[in-house]
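One-letter residues, chain by chain:
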There are 2 protein chains.
Amino acid sequence: MRERADLIPELAEIFREYGFEGASLAFITERTGLGKGSLYNFFPGGKAEMAGAVLEHISRWFEEDIFVPLEQGGSLSEMLSHVKTYFAGGGRVCLVGMFALTETRDQFAVQIAAYFERWEVALVAYLVRQGKHPAEAQAGALDILVTIQGGLTLSRARNSPQYFLQGLKRLRQDYQG
Amino acid sequence: MRERADLIPELAEIFREYGFEGASLAFITERTGLGKGSLYNFFPGGKAEMAGAVLEHISRWFEEDIFVPLEQGGSLSEMLSHVKTYFAGGGRVCLVGMFALTETRDQFAVQIAAYFERWEVALVAYLVRQGKHPAEAQAGALDILVTIQGGLTLSRARNSPQYFLQGLKRLRQDYQG
DNA sequence: CAAATTGTGTACCATTTGGTACAAATGACA
DNA sequence: TGTCATTTGTACCAAATGGTACACAATTTG
């Protein structure tokens, strides 16, 4: 017997690999080893609720491990290290970015936008604390987000982590405090 | 009566909006106004062949309007302008990037990788011509691709073109010949 | 230990999916 | 004009889809 919380990381991995539409209920059943009964017991709203829970889980992780540290004295270098680990050095896809591009987007638009906005706010706070002017900090935050997202997309597309890794390297140089 | 070539841009727009899995045959028939008979007449391989044709069409456009000019004396600024127009200033999604992230990826992995590799080659050629050392040119090419892709993803996610537009602006500054 | 609660598997459902068959309409062309 | 190939709509199909119903097993809890 399992509980809902244990399932969420598994579901996250499944959606990461197959997308929202691509991950059929039949496949989710097979991969988790749970029947529909259990699945719909934990997530009465079906696939949509599963994906929602996964997004929430991701948001919480970033909130604790990335955003808050960034706002409370952590360094950018530290953040980039955590990000690098989280995305397996470019081998793991950003589920939020993926949902943002596909048809799933409308369904989760609010959570998707909130995730990136929150990240941006934390980055701006960090850069201002480093002595940058607000406009400069804003531009820097966008640059950092864009470089991470783009690196992940291209690393996936070319099946090579170099895009992601080199992006992180440049960010370290350009924004070292 | 229509012909195959006219259909491809329509299909491209449909896939862009709904993704590969999300664009059902029923919807494609409705949107194009063509029955399955016509669709399967032009694309006997079904949806997969439609998407393949769309990717090929996109590749050809970039080859002629982006890659070749870049290798034959065009400026980076010129390329960035074309790219900006093509992606509607950040309002249009990169279909190749989208396919790269979703489950569709395996099916079209070769075309997806080739598209970005080709772009990278053209950029390296341009930067070397500008007097950069090969390693520097390579790093610059990756940076440019990453910034464009990331900008598109984030602009879509936040429903705001600023990520894409500011990325382009930075590229203009950092790589002006 | 009994009773309520929670978790689980299976059988089932209507709907939608991508795809096929084929006859009728349309066009090019001699 | 008559022939032939292409184009088109419709009716069909098996398989897969997300979802529900429900009986049974495992827990908690009084």
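Quick caveat, the model's predicted, so the values are computed rather than measured.

Caption draft 1: Expanded view of the relation of the copies chain A and chain B. With an RMSD of 0.0 Å, chain A superimposes on chain B once it is rotated by 180° and translated 0.0 Å along the axis. Those values place the two copies in the arrangement expected of a two-fold rotation axis. Distance from the rotation axis, computed per C-alpha, reaches its smallest value in chain A at G150 of chain A: 1.7 Å. Same-surface contact between copies: 100% of interface residues of chain A are shared with the interface of chain B.

Caption draft 2: Layout of the protein's contact with DNA strand C. Around DNA strand C, 19 residues are found, and the nearest of them are M1 and R2 of chain A together with L25, K36 and Y40 of chain B. Within the side chain of N41 of chain A, an N or O atom sits 3.3 Å from a phosphate oxygen of DNA strand C. Within the side chain of Y40 of chain B, a nitrogen or oxygen atom sits 2.6 Å from a phosphate oxygen of DNA strand C. Counting residues per element, the ones that place at least two in the surface near DNA strand C are α3 (36-42) of chain A together with α2 (25-32) and α3 (36-42) of chain B. Split by residue class, the surface near DNA strand C holds 8 nonpolar, 7 polar and 4 charged.

Caption draft 3: Main features of the side chain of T153 of chain A. Take T153 of chain A: it is sitting in helix α8 (residues 134-158). Exposure remark for T153 of chain A: the relative accessible area of 1% places this residue in the buried category. Here T153 of chain A is in contact with G97, L101, Q149 and T153 of chain B, once residues within four sequence places are set aside.

Here is what the cut-offs are and how they apply
- Residues numbered from 1 in each chain as written.
- Chains lettered and ligands numbered in written order.
- Predicted model: local features only at pLDDT ≥ 70, side-chain atom pairs only at ≥ 80, totals over all residues.
- Heavy atoms only, no water.
- Least-squares fit on C-alpha atoms with pLDDT ≥ 70 in both.
- Contact = heavy atoms within 4.5 Å.
- Near = heavy atom within 4 Å.
- Polar contact = N/O pair within 3.5 Å; in protein donor to acceptor, adjacent residues only side chain to side chain.
- Helix = DSSP H or I, 4+ residues; strand = E, 2+ residues; numbered from the N terminus.
- Nonpolar A, V, L, I, M, F, W, Y, C, P; charged D, E, K, R; others polar.
- Buried < 20%, exposed > 50% of the residue type's maximum accessible area, 1.4 Å probe, protein only.

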